[in-house]
Amino acid sequence: MNYLSTRGDPAARHFSDILLEGLAPDGGLYLPQTYPQVDAATLARWRGLAYADLAFEILSLYIDDIPAADLKALTQRTYTEAVFGTPQITPLKPLEPGLALVALSNGPTLAFKDMAMQLLGQLFEYELKRRGETLNILGATSGDTGSAAEYAMRGKAGIQVFMLSPHGRMSPFQQAQMFSLKEPNIHNLALHGVFDDCQDIVKAVSNDLAFKRQYRIGTVNSINWARLLAQVVYYFAAYFQATRSDQERVSFTVPSGNFGNVCAGHVARMMGLPIDRLVVATNENDVLDEFFRTGVYRPRGAAQTLETSSPSMDISKASNFERFVFDLLDRDGARVRQLFGEQLATQGYFELSAEERARMSARFGFASGRSTHADRVATIQRCHRQYGQIIDTHTADGLKVALEQRQAGTPMLVLETALPAKFAATIEEALGVVPPRPAGLDDLESRPKRVQVMPVSVDRVKQFIVDHV
Ligand SMILES: *Cc1c(COP(=O)(O)O)cnc(C)c1O
């Protein structure tokens, strides 16, 4: 399997070439040259597989430069009951007939990002060892990504993590989760600034090519193809649990920010998984809902990005969205370059033609909706009252939109993207109770913390890296 760039760079690359990369050199994102097609016989064979075996089968279709026995060992080591809490790894939680949550948040950091990041940790360690190289991961986080990356990379040979976060702005739970890690390869840097300041420093350091090369700086951001690929697996796993035969179709509703999670659903659908509709749920930051309703994609600046009670969806620009648009435009790299490379930069938005919009609704089965803080609170209350389940604020955005968009006769599966314990304040507001915590985390906030507080300074961050590699 070769990989190409959404902006037309013709160089052929294999999986391991792009595993440690971010953007393609032409500014595009990597996608496989074709989507492997899964026929009825394959679906029937996969239906009975354990999660790790299913992951191996799907990854094997996209990875031809890691020996099968090694890939099998990596997936077996990643998707274990010990790490993800149940033998199914992503069990369904039925709410009522035809409506269920897909539990994706039982990994170590209580959000769905563990599903991909845990595999990425194994793949990075494997590939670096094979090459005899080391990597220093520099990232910025406002919460979920940083902790998922740290828990995936902790103790991994050849890898150090330098994670920037805005000092005092993450929830106490999120801070404690990251800062209590003891592994010497994990470094927490809390900056006197906001998330965008942290993000700008990561960009500045990455743009210093000499520094980047000398200190082997890498990232684990959401445009990484391996992360997306790992997420494809749970669409299959959820489908098999929700259906009895491969004649049935299901729909998914996905709480969305950077369009990574739902893009994995798009890939599963392109492979032939019988998905009826993929419903994109946003919060008040509704760039994607606007696009699917109107055909206009208008990213916003940091100043117009609202702070909401589903903070992991507070994005201004959906960094994975270009992958879907590439498929939508029949993989016309020149047109994608024109839209993303030129039109967005000069006029700040682009608009699909009437013909492109018609193709989108005929071929790709997307729908969308948005939710507000009041909707989240009401949905958390309703879910608790009607189904006896406490859901987190992001999953509530999903459930609110799913209830509006579901269609009789087609099961609707809502991806649960975090556990309520992570976003306790809104749960208390809605239900008047503190959400339950998974076992073993009761004393999290009182554990000793390892964090370096520093000003917003590129030089100070660089110096810290130099001193610690
Ligand atoms: C990251 C995240 C999202 C958004 O996922 P995308 O892949 O960026 O669309 C939604 N909910 C939670 C809890 C998250 O951590």
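The text that follows walks through the structure, step by step, so that each part is easy to find. Each chain carries its own residue numbering, running from 1 in the written order of its sequence. Side-chain atom pairs in this predicted model are given and counted only at pLDDT of 80 or more, local residue features only at pLDDT of at least 70, and totals for whole chains, interfaces and linings cover all residues. Heavy atoms from the whole structure form the basis of all side-chain values; hydrogens and water molecules are not counted.

**Some words on the overall build of the chain**
Alright, step 1. To qualify as a helix, a DSSP run of H or I must reach at least 4 residues; to qualify as a strand, a run of E must reach at least 2; elements of each kind are numbered from the N terminus. The helix and strand tally for the chain stands at 20 helices and 15 strands.
Alright, step 2. Just to be clear, the radius of gyration here is over C-alpha atoms, and the globule rule we use is 2.2 Å times residues to the power 0.38. Since a compact globule built from 469 residues should have a radius of gyration of about 23 Å, the 21 Å found for the chain is in line with a globular shape.
Alright, step 3. Seen along its three principal axes, the alpha-carbon backbone of the chain occupies a region of about 60 × 55 × 50 Å.
Alright, step 4. A burial count over the chain gives 59% of its 469 residues as buried.
Alright, step 5. Carbon and sulfur atoms make up 50% of the accessible area of the chain, which totals about 18,000 Å².
Alright, step 6. Only four residue types enter the tally: Lys and Arg on the positive side, Asp and Glu on the negative side; His and the chain ends are excluded. Charge positions come from single atoms, namely NZ of Lys, CZ of Arg, CG of Asp or CD of Glu. Computing the positive centroid from 48 side-chain charges and the negative centroid from 52, the chain places the two 1 Å apart. Think of it in three bands: with a 1.4 Å probe and only protein chains considered, a residue is buried below 20% of the maximum accessible area for its type, exposed above 50%, and partly exposed in between. In this description, accessible areas are obtained by the Shrake-Rupley approach with a 1.4 Å probe, and a residue is regarded as covered only by the protein chains that are shown.

**Some remarks on the side chain of Asn185**
Alright, step 1. For Asn185, the location among the structural elements is in the loop between helix 8 (172-179) and strand 7 (186-191).
Alright, step 2. The contact rule is simple, with two residues in contact once any of their heavy atoms fall within 4.5 Å. Excluding its chain neighbours within four sequence positions, the residues that come into contact with Asn185 are Met153, Arg154, Gly155, Lys156, Ile159, Gln160 and Val161.

**Describing the nonpolar core**
Alright, step 1. Judged by nonpolar contacts, the single largest core of 110 residues is most densely connected at Tyr235, Phe236, Phe259 and Phe321.
Alright, step 2. Listed in part, the 22 residues of the second largest apolar core include Val279, Ile380, Tyr387 and Val414. Here, the term nonpolar core denotes a set of buried Ala, Val, Leu, Ile, Met, Phe, Trp, Tyr and Cys residues that are joined through side-chain atoms within 4.5 Å.

**Details of the site of the ligand**
Alright, step 1. By convention in these notes, a residue is near a molecule or strand provided one of its non-hydrogen atoms lies within 4 Å of it. Taken together, 15 residues surround the ligand, and among them Lys113, Asp144, Gly257, Asn258 and Asn261 come closest.
Alright, step 2. Polar contact is the term for a pair of N or O atoms within 3.5 Å; when the atoms are in protein, one must be able to donate a hydrogen and the other to accept it, and sequence-neighboring residues count only if both atoms are side-chain atoms. Take Asn258: an N or O atom from its main chain is 2.7 Å from an oxygen atom of the ligand.
Alright, step 3. Within the contact set of the ligand, an oxygen atom lies 3.1 Å away from a backbone nitrogen or oxygen of Phe259.
Alright, step 4. Considering the ligand on its own, with 390 Å² of exposed area, one finds that the protein chains cover 96% of that surface.
Alright, step 5. The nonpolar class holds Ala, Val, Leu, Ile, Met, Phe, Trp, Tyr, Cys and Pro. Asp, Glu, Lys and Arg form the charged class, and all remaining residues, Gly among them, are polar. In terms of residue class, the shell around the ligand is built from 5 nonpolar, 8 polar and 2 charged.

**Quick word on helix 6 (residues 113-131)**
Alright, step 1. When the terminal C-alpha atoms of helix 6 are compared, their 27 Å separation across 19 residues agrees well with the 27 Å that a helix rising 1.5 Å per residue should span.
Alright, step 2. The buried fraction of helix 6 is high, at 15 of 19 residues.
Alright, step 3. Note on helix 6: the residue one or two positions beyond its end, Gly132, has a positive phi of about 70°. The span one expects for a helix is its residue count, reduced by one, times 1.5 Å.

**Considering the packing of helix 14 (residues 321-328) against helix 16 (residues 354-363)**
Alright, step 1. Orientation is described by lines fitted to C-alpha atoms, with helices fitted over the stretch in contact, and by angles between N-to-C directions that extend from 0 to 180 degrees. Close contact between helix 14 and helix 16 brings their axes to 10 Å; oriented N to C, the two are set at 100°. Between helix 14 and helix 16, the angle is such that the two are roughly perpendicular. Taken together, the residues of helix 16 that come into contact with helix 14 (itself represented by Phe324, Asp327 and Leu328) are Glu356, Arg359, Met360 and Arg363.
Alright, step 2. Here the residues of the contact of helix 14 with helix 16 are counted per class, giving 3 nonpolar, no polar and 4 charged. Between 65 and 115 degrees an angle is taken as roughly perpendicular, under 35 as roughly parallel, over 145 as roughly antiparallel, and anywhere else as oblique.

**Notes on helix 17 (residues 373-387)**
Alright, step 1. Between its first and last C-alpha, helix 17 extends 21 Å over 15 residues, near the 21 Å set by a 1.5 Å rise per residue.
Alright, step 2. Considered for burial, the residues of helix 17 that qualify are Arg376, Val377, Thr379, Ile380, Cys383 and Tyr387. For helix 17, the angular spread of the buried residues around the axis is 165°, confining them to a single face. Residues of helix 17 that are exposed and point more than 90 degrees away from the buried face comprise Ala374 and Arg385.
Alright, step 3. Residues of helix 17 that are buried make contact with strand 3 (92-96), strand 4 (99-103), helix 18 (393-405) and helix 19 (424-431). An arc is given here, and it is the one of the directions from the helix axis to the C-beta atoms.

**As for the packing of helix 17 against helix 19**
Alright, step 1. At their nearest, the axes of helix 17 and helix 19 sit 9 Å apart, and the two run at 65° to each other. The pairing of helix 17 with helix 19 is recorded here as roughly perpendicular in orientation. In the packing of helix 17 onto helix 19, the handedness of the crossing is right-handed. Facing His373, Val377, Ile380, Gln381 and His384 of helix 17, the residues of helix 19 in contact are Thr426, Ile427, Glu429, Ala430 and Leu431.
Alright, step 2. Its residues placed into classes, the contact of helix 17 with helix 19 shows 5 nonpolar, 4 polar and 1 charged. In this scheme the crossing of two helices becomes right-handed for a clockwise turn of the near helix relative to the far one and left-handed for an anticlockwise turn of less than a right angle.

**Here we look at the sheet that holds strand 9 (residues 250-255)**
Alright, step 1. Read across the sheet, 6 strands follow the order 3-4-14-9-10-13 without closing on themselves; strand pairing throughout is mixed. Whereas interior strands pair on both sides, the edge strands pair on one side only; in this sheet they are strand 3 and strand 13 (366-370). Shown here is a sheet whose adjacent strand axes are inclined to one another by a mean of 25°, direction ignored.
Alright, step 2. At least two bridges found by DSSP between two strands are what make those strands a pair. Relative to strand 14 (residues 412-416), strand 9 is paired through 3 bridges, and the arrangement is parallel. Residue pairing across strands places Ser251 opposite Met412, the latter belonging to strand 14.
Alright, step 3. Sitting on the sheet, helix 13 (residues 287-294) touches strand 10 (275-282) and strand 13, and the angle it makes with strand 13 is about 130°.

**What to know about the sheet that holds strand 5 (residues 135-140)**
Alright, step 1. Spatially, the 5 strands line up as an open sheet ordered 8-5-6-7-15, and their pairing is parallel. Unpaired on one side and paired on the other, strand 8 (217-218) and strand 15 (452-454) mark the two borders of the sheet.
Alright, step 2. When strand 6 (residues 159-166) meets strand 7, the two strands line up parallel, connected through 6 bridges. Counterpart to Phe162 in the pairing with strand 7 is His187.

**Comments concerning the pairing of strand 3**
Alright, step 1. As judged from the 4 bridges shared by strand 3 and strand 4, these two strands associate in the antiparallel manner. Directly across from Pro94, in strand 4, lies its bridge partner Ala100.
Alright, step 2. From the end of strand 3 to the start of strand 4, which pair antiparallel, there are 2 residues, and Gly98 there has a positive phi angle of about 85°.

**Considerations on the pattern of salt bridges**
Alright, step 1. Here, a salt bridge means any side-chain nitrogen of Lys or Arg that lies within 4 Å of a carboxyl oxygen of Asp or Glu. Summed over all chains, the structure comprises 30 salt bridges.
Alright, step 2. Between Arg406 and Glu96 there is a salt bridge, with the nearest N and O atoms lying 2.8 Å from each other. Placement of Arg406 in the loop between helix 18 and strand 14 and of Glu96 in strand 3 is noted, with a sequence separation of 310 residues between them.
Alright, step 3. Among the residues examined, Arg406 registers a relative accessible area of 30% and is labelled partly exposed.
Alright, step 4. Classification of Glu96 as partly exposed rests on a relative accessible area of 25%.
Alright, step 5. For Arg335, the salt bridge identified is with Glu356, shortest N-O distance 3.0 Å. Placement of Arg335 in helix 15 (residues 333-347) and of Glu356 in helix 16 is noted, with a sequence separation of 21 residues between them.
Alright, step 6. A single network of salt bridges, built from pairs that share partners, joins Asp286, Glu290, Arg298, Arg300 and Arg370.

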